[in-house]
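# Architecture and fold: a report
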Amino acid sequence: MNLKEIYRENGAFLEGHFILSSGNHSEYYLQSAKVLENPKVAEELATALATEIKKSGLEIDTVCSPALGGLLAGYELARALGVRFIFTERKDGEMQMRRGFTVSKGEKVLICEDIITTGGSALEAGVEVEKQGGEVVGFSALANRGFCQRVNSNIEANEKCKLPTEKPLFALEDFIFDIYQPENCPLCKDGSIAIKPGSRGN
Ligand code: ZN
């Protein structure tokens, strides 16, 4: 499976000159919601990810995603693994488990995001699960941006990765591309103007 190609075909891998949520600039932007708007594609990706996870023999009772980004990938992954799905969400900036979701003591929970960048939201979702007595057994995402190390990849975690190194991270592929501080952006130097993805009405 060529994940980058699937993203591109579905208009989820944008090329141009973008302002990322961090404020940095990049030639590329990943819009996972676009690849997941087709449930058939979402199912295929989640099934491939579930196959990788099952190979590891990891025991999982539940998938939990941080909203909003992780919801679709997590829900499809839970379906592919045959386990239940819950989510955490931010309220007043703080990650919380709401809507009557509960986690049992010792319940084995896999955290799922669409894309793992530094893993900040995934980690916060995991903290919520553990507050309720659950056990976070690992992390997962469709793609890994290359800050953290995933199972079956030689790319090593760097200091920006927030995920605990002793827990596995599963993803279908590494999506690595350069990001620039605005003042050092070669695209800006060439006279191009960075845009926020979605700001042109798409
Ligand atoms: Zn720029």
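Quick look at the structure, then.

For the chain, the count of helices and strands is six helices and nine strands. For the chain, whose C-alpha radius of gyration is 17 Å, the value lies close to the compact-globule estimate of 17 Å for 202 residues. Counting over 202 residues, the chain shows a buried share of 45%. Pairs at least 24 residues apart make up 65% of the contacts formed inside the chain by residues separated by at least 6 positions. Carbon and sulfur atoms make up 47% of the accessible area of the chain, which amounts to about 10,400 Å² in all. Distance between charge centres in the chain, computed from 23 positive and 29 negative side chains, equals 4 Å.

Moving on, we get to helix α5 (residues 120–131). If you check α5, its first and last C-alpha atoms are 17 Å apart, about what twelve residues at 1.5 Å a residue would give, namely 16 Å. Among all positions of α5, only Gly120, Ala122, Ala125, Gly126, Glu128 and Val129 are buried. Those residues of α5 that are buried lie in contact with β3 (62–66), β4 (84–91), β5 (94–96), β6 (108–116) and β7 (135–144). Phi for Gly133, located one or two positions after α5, is positive at around 95°.

Listed as protein donors to the zinc ion are His17 (NE2), His25 (ND1), Cys185 (SG) and Cys188 (SG); their distances from the metal cover 2.1 to 2.4 Å. With four donor atoms in place around the zinc ion and angles of 95 to 122° between them, the coordination shape is tetrahedral. Donor residues for the zinc ion, ordered by position in the chain, follow H-x7-H-x159-C-x2-C. One end of the pair, His17, is in strand β1 (residues 13–19); the other, Cys188, is in helix α6 (residues 186–189), and 171 residues separate them in sequence. Among the residues examined, His17 registers a relative accessible area of 6% and is labelled buried.

As a further point, take the packing of helix α3 (residues 39–56) against helix α4 (residues 71–81). At their nearest, the axes of α3 and α4 sit 8 Å apart, and the two run at 55° to each other. With respect to each other, α3 and α4 are oriented oblique. The handedness of the crossing between α3 and α4 is right-handed. Two secondary-structure elements touch here, α3 through Ala42, Glu43, Ala46, Thr47, Leu49, Ala50, Ile53 and Lys54 and α4 through Glu76, Leu77, Ala80 and Leu81. The class makeup of the residues in the contact of α3 with α4 is eight nonpolar, one polar and three charged.

The next thing to look at is the pairing of strand β2 (residues 25–30). Where β1 meets β2, five bridges bridge the pair, whose relative direction is antiparallel. Following the sheet pairing, Leu14 is matched in β2 by Tyr29. Between β1 and the antiparallel strand that follows it, β2, lie five residues; Gly23 among them carries a positive phi value of about 95°. Of the pairings in the sheet, the one linking β2 to strand β9 (residues 179–180) comprises two bridges and is antiparallel in character. Across the sheet, His25 pairs through a bridge with Tyr180, a residue of β9.

Definitions and limits used
- Residue positions are given per chain, counting from 1 as you read along its sequence in written order.
- Predicted model: local features are reported for residues with pLDDT of at least 70 only, side-chain atom pairs are reported and counted for 80 or more only, and whole-chain, interface and lining totals are derived from all residues.
- Hydrogens and waters are ignored; side-chain quantities use all the structure's heavy atoms.
- Only DSSP runs of H or I reaching four residues or more are called helices, and only runs of E reaching two or more are called strands; each is numbered from the N terminus.
- Just to be clear, the radius of gyration here is over C-alpha atoms, and the globule rule we use is 2.2 Å times residues to the power 0.38.
- Burial classes: relative accessible area under 20% of the type maximum marks a residue as buried, over 50% as exposed, and values in between as partly exposed (1.4 Å probe, protein chains only).
- Here, two residues are considered to be in contact whenever any of their heavy atoms come within 4.5 Å of each other.
- Only the protein chains shown count as cover for residues, and all accessible areas are computed by the Shrake-Rupley method using a 1.4 Å probe.
- Only four residue types enter the charge count: Lys and Arg as positive, Asp and Glu as negative, with His and the chain ends excluded.
- Working definition for charges: the position is that of NZ of Lys, CZ of Arg, CG of Asp or CD of Glu.
- The span expected for a helix works out to 1.5 Å for each residue beyond the first.
- Atoms of type N, O and S within 2.8 Å of a metal are treated as its donors, and for Na, K and Ca the window is 3.2 Å; water is not considered, so some sites may appear to be missing partners.
- For four-coordinate sites, all angles between 85 and 135 degrees define a tetrahedron; for four- and six-coordinate sites, opposite donors beyond 155 degrees with the remaining angles between 65 and 115 define square planar and octahedral shapes respectively, and all other cases count as irregular.
- For helices, the axis comes from a line fit to the C-alpha atoms of the stretch in contact; other axes are also lines fit to C-alpha atoms, and the angle between any two N-to-C directions lies between 0 and 180 degrees.
- Convention used here: angles under 35 degrees read as roughly parallel, angles over 145 as roughly antiparallel, angles from 65 to 115 as roughly perpendicular, and any remaining angle as oblique.
- In a left-handed crossing the near helix is turned counterclockwise from the far helix by less than a right angle, and in a right-handed crossing that turn is clockwise.
- Residues are grouped as follows: nonpolar covers Ala, Val, Leu, Ile, Met, Phe, Trp, Tyr, Cys and Pro; charged covers Asp, Glu, Lys and Arg; every other residue, Gly included, is treated as polar.
- Here, strands pair whenever DSSP counts at least two bridges between them.

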